[in-house]
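This is what each chain is made of:
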Amino acid sequence: MANPTPNPTANPTAMTPQAYLLARGRWHPLEIAFWLATLLPFILFPNYLSLASQIAITALFALSLDLILGYAGVVSLGHAAFFGLGAYSAGLFSKYVWGEPFSGLLVAAALAGLLGYATSFIISRFRHLPLIMITLGLGLLAHEVANSAHWLTGGSDGLQGVRTEPIFGVFRFDLYGKTAYAYSLAVLFIVFLCARRLINSPFGLALRGIRENWNRMPAIGADSRAHIRKAYTIAAIIAGICGALLTQTTNSASLESISFQRSADVLVMLVLGGAGRLYGGLIGAAIFMVARDQFSGIAPQFWYFWIGVLLVAVVMFLPNGILGGLSKIYAKWSRK
Amino acid sequence: MLPPVFGVLFDGIAYGMLLFVLSVGLSVTLGLMNFVNLAHCAFAMLGGYVTVTLVNIFGWPFLATLPVAFIAAAVTSVVLERLLYRRLYRASDLDQVLLTIGLAFISVSVAAYIFGTIQQPIATPAALRGSFEFFGIGLGKYRLFLIGVALLVTLAMVIGLEYTRFGAQVRASVDNQRMARGLGIDVDWTFASTFALGSGLAGLGGSLAIEIVGLDPNFSFTYLVYVLIVVSVGGLGSIAGSFAAAMLIGISDIAGKYYVPELGAFLIYMVMVVVLMWKPAGLFGKR
């Protein structure tokens, strides 16, 4: 390899952008450990594989929001619109066309991407409060459409009659969620690799630049709006894939998949884990889902009390989420 | 005899007035202080529960509870403002959204814990029950009362902000904080009291709303959407704008539910998205 080897101990600001991105793109041992740990549920918690599969799907959804919120600085309160579109289109595809899962995934991704591309022209025109309000409005509109198109989506009864065929015609979706988890985890890993590559590319760097200064980036040749449009469409595609995964692994699609609650939850997870970090959404989703599983068994309505307390605490004391806090401690500790 | 469309219009106006009282406080805090307060309807809900408790448990007359609801919401909001909000005045939109969504979540759980998840019943005084016949249309007495209260609130707000010393201080603090400080205006105190007034109005709105839309722990979120729509359509910080937007949303929501019920809430969301795309700062927004 003829790559110029950057000196990792050097001050990152002294590196060339190429060297910086190359250094970021290298795999840290902790990352490898993280992905190996995702295989543990197969051995340690064989009774919780359905939950593990839900976590993998939600983690991917949080990653998709991270692309636009954490990296590009686009706050969205309506991201569930794409999740729901993916969920319903995968469900309808398996109901009316055929039940092969991968093609369903692609169809859902394509449709969500189309909607994302169409709305990205609106999104990229606004910033700050009007942006938050417009994403909220579009999310609520999507929910109303799904609710009122009762003949297609089943409305509040949910979509019935979804049948997903075995993967490769061999691996059935079993009751214990073994196939479901393997499938969701594989998709999560593949999409994660793509997102990781994207973030460590010049495009990803430009997105971070736009987040920090919307007006200055066009001056150095990165059109803010065009970049936001691309990032938003990509995030929509990933969200569509998540929705499709949920439909295929549970064989149902409901209004819950497109609700404001889902948009808010994913925002909470991402912020809890740490926005603007690749693993922030994944860690946040894992903690959130496990905690919800444990707490809501006791008293479902108080689950949100703790979420609220957590949110206030994170905003007040941990502005960069759990990962941000950890990396601060790590930086302090390694300097000693 | 008047055709039923006037009855729908009357209900729409009354509903719009209610939305106005609920949202004008948020419009003021958002526009004047630039703070995205998604917990606004939690203060409204607090007012509602204060009224319900006083009427049903302590046997107070309904009207006497309204000022208490106002004060309870205002005092609570000032405590929170001093403890939490104040630190985030300069933070990003996202941090403000997260903090206040967190508070709204807490309010829902606490209300569910204390009062249960059922709808709260309320007994309004006999004088406000029933309706007048007016050329063949039933005008609900309570709705007339609501319209009267909302008009009084509007008048008080306009006079308070435009013609008093306090209003001048608020406007000065908003236009140029540093200059206002330089002139000896206590900007912190001005913001805190503005915030208290806005939240107090929300509390009043919450009490008035029980008779029309009911009260349960999800109030914080159900009406948050309506309030946000009114504020963003009307334009931040504009009282006239909030008034016009509340009328627009109130009438179109009631008319939509009456004439095209299958559309559901589609119509008002559509109104909001279209208005915002056309004018991101709202109908009467300055920025």
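The model shown is predicted, which means the values in this text are computed figures rather than measured ones.

Q: Which residues make up the overall build of chain B, and what values go with them?
A: Per the secondary structure count, chain B includes 11 helices and 2 strands. When its helices and strands are written in sequence order, chain B yields α-α-α-α-β-β-α-α-α-α-α-α-α. The C-alpha atoms of chain B give 19 Å as radius of gyration, which agrees with the globular expectation for 287 residues (19 Å, within 12%). Reported as C-alpha extents along the three principal axes, the dimensions of chain B are approximately 60 × 45 × 35 Å. In chain B, which comprises 287 residues, the proportion classed as buried is 49%. Taking as baseline every contact in chain B between residues at least 6 positions apart, the subset at least 24 positions apart corresponds to 77%.

Q: Describe the overall build of chain A, and please don't skip the residues or the numbers.
A: Looking only at helices and strands, chain A has 16 helices and 0 strands in total. The C-alpha radius of gyration of chain A comes to 20 Å, within 12% of the 20 Å expected for a compact globule of 336 residues. Referenced to the eigenvectors of the C-alpha coordinate spread, the extents of chain A come out at roughly 60 × 45 × 45 Å. Taking all 336 residues of chain A together, 46% fall into the buried category. A fraction of 77% describes how many contacts in chain A between residues 6 or more apart in sequence connect residues 24 or more apart.

Q: Give a description of the confidence of the model for chain A that names residues and reports values.
A: Residue and element names in this part refer to chain A. A residue-level look at chain A finds 94% of positions with pLDDT of 70 or above and a mean pLDDT of 83. The element-level mean pLDDT for chain A is lowest in helix H8 (residues 150-153), coming to 78, with helix H12 (residues 224-250) highest at 91. With pLDDT under 50 throughout, residues 1-10 is counted as low confidence; its partners more than four residues away or in other chains account for 8 contacts.

Q: Mind laying out the confidence of the model for chain B, listing which residues take part and the relevant values?
A: Of the residues in chain B, 95% have a pLDDT of 70 or more, and the chain-wide mean is 83. Looking at the elements of chain B, mean pLDDT is at its lowest for strand S1 (residues 131-134) of chain B, recorded as 70, and at its highest for helix H2 (residues 40-56) of chain B, recorded as 90.

Q: Tell me about the interface of chain A and chain B, and name the residues and values.
A: Contact residues are listed per partner, giving 29 residues for chain A and 34 residues for chain B. Residue assignment for the side of chain A that touches chain B shows that the elements contributing at least two residues are helix H7 (128-148), helix H13 (260-273) and helix H15 (300-317) of chain A. For the side of chain A that touches chain B, the element with the most residues is H7(A), which contributes 14 residues. When grouped by side-chain class, the residues that make up the side of chain A that touches chain B number 22 nonpolar, 6 polar and 1 charged.

Q: Describe unusual backbone geometry, naming the residues involved and giving the relevant values.
A: All names here are of chain A. One non-glycine residue, Asn251, lies in positive phi territory at about 55 degrees. Structurally, the position occupied by Asn251 is in the loop between H12 and H13. With 16 C-beta atoms packed within 10 Å, Asn251 lands in the partly exposed category.

Q: Give me the lowdown on the packing of helix H6 (residues 101-123) of chain A against H12(A), citing residues and values where you can.
A: Residue and element names in this part refer to chain A. Two elements in contact, H6 and H12, have axes whose closest approach is 7 Å; the angle formed by their N-to-C orientations is 145 degrees. Helix-helix and strand crossings are classified by hand; for H6 and H12 the assignment is right-handed. When its residues are assigned to classes, the contact of H6 with H12 shows 18 nonpolar, 8 polar and 1 charged.

Q: Account for the environment of A:Ile322, naming residues and giving values.
A: Residue and element names in this part refer to chain A. With respect to the helices and strands, Ile322 occurs in helix H16 (residues 321-335). Judged by C-beta crowding, with 19 C-beta atoms within 10 Å, Ile322 ranks as partly exposed. Sequence separation of Ile322 and Gly113 is 209 residues, and the distance between their C-alpha atoms is 31 Å. Once residues lying within four places of it in the same chain are set aside, the contact partners of Ile322 are Leu272, Gly273, Gly274 and Ile283.

Q: For the packing of H2(B) against helix H4 (residues 93-115) of chain B, give the residues involved together with the corresponding values.
A: All names here are of chain B. The N-to-C vectors of H2 and H4 enclose an angle of 20 degrees; their axes lie 10 Å apart at closest approach. Viewed along their axes, H2 and H4 adopt a mutual orientation that is roughly parallel. Considering how the two elements wind past one another, H2 and H4 form a crossing that is left-handed. Contact residues: H2 offers Ala42, Met45 and Tyr49, while H4 offers Leu103, Ala104, Ser107, Ala111 and Phe115.

Q: Describe the nonpolar core, naming the residues involved and giving the relevant values.
A: Judged by nonpolar contacts, the single largest core of 190 residues is most densely connected at A:Ile241 and B:Val21. Beyond its immediate stretch of four places on either side in the chain, B:Val21 contacts B:Ala150, B:Val153, B:Leu201, B:Leu204, B:Gly205 and B:Leu208.

Q: Residues and numbers for the environment of A:Lys230, please.
A: Residues and elements named next belong to chain A. In this fold, Lys230 is placed in helix H12. Accessibility expressed as a C-beta count within 10 Å gives 18 for Lys230, which makes it partly exposed. Sequence spacing of Lys230 and Ser120 is 110 residues, and the spatial spacing of their C-alpha atoms is 8.0 Å.

Q: Please set out the environment of B:Val225 residue by residue, giving values where relevant.
A: Residue and element names in this part refer to chain B. Tracing the chain through its elements places Val225 in helix H9 (residues 219-234). Residue classification places Val225 among the partly exposed positions, given that 18 C-beta atoms sit within 10 Å. C-alpha separation for the pair Val225 and Leu38, spaced 187 residues apart in sequence, amounts to 9.3 Å.

The rules behind the values
- Residues numbered from 1 in each chain as written.
- Chains lettered and ligands numbered in written order.
- Predicted model: local features only at pLDDT ≥ 70, side-chain atom pairs only at ≥ 80, totals over all residues.
- Helix = DSSP H or I, 4+ residues; strand = E, 2+ residues; numbered from the N terminus.
- Rg over C-alpha atoms; globule rule 2.2 N^0.38 Å.
- Buried ≥ 20, exposed ≤ 12 C-beta atoms within 10 Å, placed from the backbone.
- Contact = placed C-beta atoms within 7 Å.
- pLDDT = per-residue confidence, 0-100.
- Nonpolar A, V, L, I, M, F, W, Y, C, P; charged D, E, K, R; others polar.
- Axes fitted to C-alpha atoms, helices over the stretch in contact; angles between N-to-C directions.
- Left-handed = near helix turned anticlockwise from the far one by under 90°.
- Parallel < 35°, antiparallel > 145°, perpendicular 65-115°, else oblique.
- Core = buried A, V, L, I, M, F, W, Y, C linked by C-beta atoms within 7 Å.

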